[in-house]
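What follows is each chain in one-letter form.
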Amino acid sequence: MTPRNYTPPEAILAPHGADVPPVGKGISTDAAEAVESVFTRFLGNGVVAAVWPDPTTPDLLPEEVAAIHRANTKRRDEFGRGRAAARKALSRLGVPPCPILVGPHREPLWPSGIVGSITHCDGLAAAVAAPAHLLAGLGIDAEPEKGLPPDIRSLVLSEEEFRTDPVEEMSVFCAKESIHKAVFPLSGVWMDFLDVVVHMDRDGRFTAAPAAGRGPLPREVTLLHGRTTRTCGFILAGCRVP
C-alpha cells in the first residue's frame, strides 16, 4: 500500500490562523486526574493513562537526548513532557524506566510487549499504554477547547463531517489524529486527513471508514472504536484497535 502524505497537527493548525501557543504551563492535580480518568474510561480494561502536570520539562534519558538533539526548544519541551507521561503510564504497568525513542516518522517506539500513544498540547502532556496481548493499537489526541479554523476545514474534513459548531469540528480533527496514531504502528501507512471519514454520535463515540474515491486503507481503520469529549479546557479523543 502506497504511503500517503500525512501532515502533523502542529503543521496544519499553526500556519492557518489557529492559536497554538508554546508549551509552558501545567494543569492542576484535579484536572490531571480527570484527564487520566477520561482516557482509561474511553479505552477500557487493561489500559493505563498518565498525565505529566508539571510545567517544567523533566530530564530525558541519554538515548532520548541523542534522538532529538537537533530539535528546537518547543519540540524538546513537548518531547520531554510526553516521555515523562509515558514513563509514568508504563510504571503503572510495572515496566521500569526506559528510553522511548523515535521511529523514522516521529512515532514513539514502545518497549517490547507494550502498545501506547502520546499526546501533548499547550498545558497538557498525556500518554496511555497497555499490554500488547490485550489489544493491537491505541491512539489518543488532545487539543485546547477551541474551534477548528474555518480556512482549514477543507484540508481536514470532508463535507459530510462539516458541523455548525467549530468546536465539534475540532473534535473530529482530534478523532482523526487518534486514528492515525492507533493505525500507523500496525500498518506503516501514513493517512491524509481526508482519507478517513469519521462517524460520530451525539455522545462523541466514533468509528471510521475509508473516504470514497481515496483508495484502500489499512483494515484496522474499520475495526477501531473511539470516543471524544471536552473536559478541563481540552478536547480529548481516544481509540483502540482490538
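Summarised in this report is the structure supplied together with it.

Analysis parameters
Residues numbered from 1 in each chain as written. Predicted model: local features only at pLDDT ≥ 70, side-chain atom pairs only at ≥ 80, totals over all residues. Heavy atoms only, no water. Helix = DSSP H or I, 4+ residues; strand = E, 2+ residues; numbered from the N terminus. Buried < 20%, exposed > 50% of the residue type's maximum accessible area, 1.4 Å probe, protein only. Contact = heavy atoms within 4.5 Å. Areas by Shrake-Rupley, 256 points an atom, 1.4 Å probe, with all protein chains shown as cover. Pairing = 2+ DSSP bridges. Axes fitted to C-alpha atoms, helices over the stretch in contact; angles between N-to-C directions.

### Some points on the overall build of the protein
Along the backbone of the protein there are seven helices and ten strands. Out of the 242 residues belonging to the protein, those deemed buried represent 50%. Long-range contacts, defined here as pairs at least 24 residues apart, represent 60% of the contacts in the protein between residues at least 6 apart. When the accessible area of the protein is evaluated, it comes to approximately 10900 Å², of which 53% is carbon and sulfur surface.

### What to know about the sheet that holds strand β1 (residues 48-51)
If you trace the three strands from one edge of the open sheet to the other, you get β1-β5-β4, paired in antiparallel fashion. Unpaired on one side and paired on the other, β1 and β4 (114-121) mark the two borders of the sheet. Averaged over neighbouring strand pairs, the angle between their axes works out to 15° when direction is ignored. For β1 and strand β5 (residues 124-131), the ladder comprises four bridges, and the chain directions are antiparallel. Pairing of A50 across the sheet is with A127, part of β5. This element, helix α2 (residues 29-43), spans β1 and β5 of the sheet and lies at about 155° to β1. Packed on one face of the sheet, helix α4 (residues 73-91) meets β1, β4 and β5 and runs near 40° to β5.

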